[in-house]
Structures are given as C-alpha cells and as structure tokens.
Amino acid sequence: MLARGKLVAVPAETVYGLAADATNPAACAAIFTAKKRPADDPLIVHVSSLAQAGQLAEWNPLAKTLAKRFWPGPLTLVLPRKSCVPNIVTSGLTTVAIRMPAHPLFKKVLQAAGVPLAAPSANLFGYVSPTRAAHVLAGEAFKKIRTGRANPAILDGGECPIGVESTIVRVVSQRSIQILRPGAISREQIKSAIAPGVRVTRPKPARAANVKPTAPGQLERHYSPQTATILRRVFPKKMSARDAWVHFRSGDTSTAQGENHFVLSPQGDGETAAKSLYRLLRDLDGRGYRAIQLQQVPSDNPWAETLNDRMRRAAAKS
Ligand code: AMP
Ligand code: MG
C-alpha cells in the first residue's frame, strides 16, 4: 500500500502514526487531508538507517552524537534539509525533522518499504494522539482514508510502550541546540549525551499569526480532548462530582475516592503516567463530565517537563 502511495497507520514506541512514502508528495498530501492538518505544520520523516538519514539532511558531528546515543528511539532531529525532500513534507522550511523509530513493527515496515516514511500522529489535527489501534480505528482521520476500502490500513501493535511523542531537537550549530518540543527523552538525558559547553535552550512558542512555527507541536492548543480541560497545581478540598479528577499518583492526602477520580500512576512514576495519559484523556472524553481536571506532575519528576507540557496544552483554550 505504501508503495502505491496509500496511507497506513503504524505503531511507534511513542504513539500511532499515519505513514506515507515521504518521497511521494501526493501521498504526503493525503496525510494533511486525512488529519485536517494545516499545510504549515511539517511532518517528521522516519528512517531505518543512518545512511537513509544522511540522504535527507546535512549532518554535523553534534547531530551524529545525538543520533548515535538515542536512535533508534524517541528523539527527532531537525537538520538542514537536502533538496530531495519534498516541500510538502517540510512545509517549505529549509530544515527537515528526522527520526529512527525503535518499535519492531515500524522498523519492519520501514525496511520493507525501502523508503523513508512521513508519519504524524494518526488522529485529527489537535486531538489527543492515539496509543492503541482501537483509537486509530475510531478516529475521523482514519475513517476518512478507509472509506470504501475493504482492507483497513492499520497495523495493530498493541499499546504504544511510551505513550507520548518524541522529543524534537533542532541542532542549531555545533555549540547550540534547541528543544522545540519536550518529549519521551528528557532534557537531562540530552544534556548527559553532549559536551557540557553546548547550549541547550527552549524557544518560546512562535504564536504570532505571521510567524511560521519552527515546530508545529508548539501550537498552544494541541493534544486536546473535546471536554473542557483544566490543569491545576493542587486540587481543591471540595472536588465536584460532575468533574473527572485525574491525580498524578495515589496515596496523596488530597487523593479522593470515588468513580470520578482517576490516577495516572499509583506509584507516581512518570513513565507509567506517560503511558496512561492519552488513553485516560480519550476514555474520559465523551463520558459527559463537565470538565476534566488534571493535576500537575511535581517538578522534581524526570517526566514533569514533558507531561506538564502535554497537559497544559490539552487544557489550553482554543
Ligand atoms: P506530530 O503531528 O506529533 O507527528 O508532530 C510532528 C512534529 O514535527 C511537529 O509537531 C513539529 O514540531 C515537528 N517538525 C517537523 N518538521 C519540522 C521542521 N522542519 N522544523 C521543526 N519542527 C518540525
Ligand atoms: Mg500530532
């Protein structure tokens, strides 16, 4: 199907992706249509080897260091593009985002396809990313490409082992990198892989309408349920029965009992919470709660930057 320019939903270690041949502009255009994704939101290109990644972008030693340390895995590198990358993939930017996924099924697909695959999350633009095949199957983006076709274009790899998106890093120079989107690889992990003199910054989101986002994930509202969602540092004493209350961990004195109370990770470990977050947001959405109340992850948790980013954006007003 990929060779014929069709879309296939594939499991990654992060979330499910909607994949197309990244060298086929028409196939990539179909991704934007299915997701209702704005054309100025570039796609991540997935590769099966460093040689393939070398054909798509200009590499420097710092970028190579990061790839060697974290690939295959949930780190996306934004590098100067080569001209063979179709414009539609990069939204006309001079850079391209590349990642080598670790999920065994995705790896097999990449090897069989023999081409790099563009694959954003397999959901309608702005909604919560899918972490199970059933999420993809139920979603509008997938229905759109499936209409009239006997063979559903989805590979079921079970639950995604990480559950949140990759960390996106722009390698600005040999001395400086920017974390465009926090993700499954923490800032500390990245710092520990590079020389201490390299500057690691996090640019402010480019929100002005005339500014092209350097990372589409920078849009303030993203990963959002339909139900009103509120992020709080601490929950109030009185918690309404009309709202769903999502606690980070159980056992806090503030943790209330009841069927409208949920826990991201009983032990309070970030990895488990990451794996639960999108599934829970999807489960709670459409259950008729007045609001979904999310509790911030304590800042000393290694996953705090990433999980609080996703929860903040799930709760951002459109
Ligand atoms: P997703 O829809 O979750 O796969 O998100 C794809 C992400 O790739 C976006 O959120 C962007 O942050 C990122 N991206 C892709 N291409 C580029 C690029 N050339 N420069 C910066 N970020 C990019
Ligand atoms: Mg997405």
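Report follows, based on the coordinates. (Residues numbered from 1 in each chain as written. Chains lettered and ligands numbered in written order. Predicted model: local features only at pLDDT ≥ 70, side-chain atom pairs only at ≥ 80, totals over all residues. Heavy atoms only, no water.)

### Comments concerning the overall build of the protein chain
The criterion, for reference: Runs of E in the DSSP output that reach at least two residues are strands. Runs of H or I that reach at least four are helices, and both are numbered from the N terminus. Only the C-alpha atoms count toward the radius of gyration. The rule for a globule is 2.2 Å times the residue count to the power 0.38. Three labels apply to residues, based on accessible area from a 1.4 Å probe with only protein chains included: buried if under 20% of the type maximum, exposed if over 50%, partly exposed otherwise in between. Methods summary: accessible areas were calculated by the Shrake-Rupley approach with a probe of 1.4 Å, and residue burial reflects only the protein chains presented.
When you go through the protein chain residue by residue, the secondary structure sums to ten helices and 13 strands. Relative to the compact-globule value of 20 Å for 318 residues, the protein chain shows a C-alpha radius of gyration of 19 Å, a close match. Taking the principal axes of its C-alpha atoms as reference, the protein chain extends roughly 60 × 55 × 40 Å. Relative to its full complement of 318 residues, the protein chain shows a buried share of 54%. Summed over all atoms, the accessible surface of the protein chain reaches about 14,200 Å², with 52% contributed by carbon and sulfur.

### Structural notes on helix α3 (residues 61-70)
The cut-off we apply is this: Picture the helix axis, draw a direction to every C-beta atom, and the arc is the one those directions span. In this description, contact between two residues means that some pair of their heavy atoms is separated by no more than 4.5 Å. By the criterion applied in these results, polar contacts are pairs of N or O atoms within 3.5 Å in which, for protein atoms, one can donate a hydrogen and the other can accept it, and in which residues neighboring in sequence qualify only through two side-chain atoms.
Every buried residue of α3 is listed here: Leu 62, Ala 63, Leu 66, Ala 67 and Phe 70. End-on, the buried residues of α3 take up no more than an arc of 135°, which puts them together on one face. Facing away from the buried side of α3, by more than 90 degrees, are the exposed residues Pro 61 and Lys 68. Contact partners of the buried residues in α3: α2 (50-56), β4 (75-80), β7 (167-173), β8 (176-181) and α8 (187-193). The backbone nitrogen of Leu 62 lies 3.0 Å from a side-chain oxygen of the residue at the head of α3, namely Asn 60.

### Some points on the side chain of Gln 52
Along the chain, Gln 52 falls in helix α2. Here the side chain of Gln 52 touches Ser 48 through a polar contact of 2.8 Å, landing on its backbone nitrogen. Contact partners of Gln 52, with chain neighbours within four places excluded, come to Val 47, Gly 114, Val 115 and Pro 116.

### Some points on the packing of helix α9 (residues 270-284) against helix α10 (residues 304-314)
Heads up, the rule is: Only the stretch in contact is used when a helix axis is fitted, and all axes are lines through C-alpha atoms; the angle between N-to-C directions ranges over 0 to 180 degrees. In these notes the angle categories are as follows: under 35 degrees is roughly parallel, over 145 is roughly antiparallel, 65 to 115 is roughly perpendicular, and the rest is oblique. By definition, turning the near helix anticlockwise from the far helix through less than a right angle yields a left-handed crossing, and turning it clockwise yields a right-handed one.
With their axes 11 Å apart at the nearest point, α9 and α10 run at an angle of 20° to one another. With respect to α10, the axis of α9 lies roughly parallel. When you trace α9 past α10, the crossing you get is left-handed. Judged by residue contacts, Gly 270, Ala 273, Ala 274, Leu 277, Tyr 278 and Leu 281 of α9 engage Leu 307, Arg 310, Met 311 and Ala 314 from α10.

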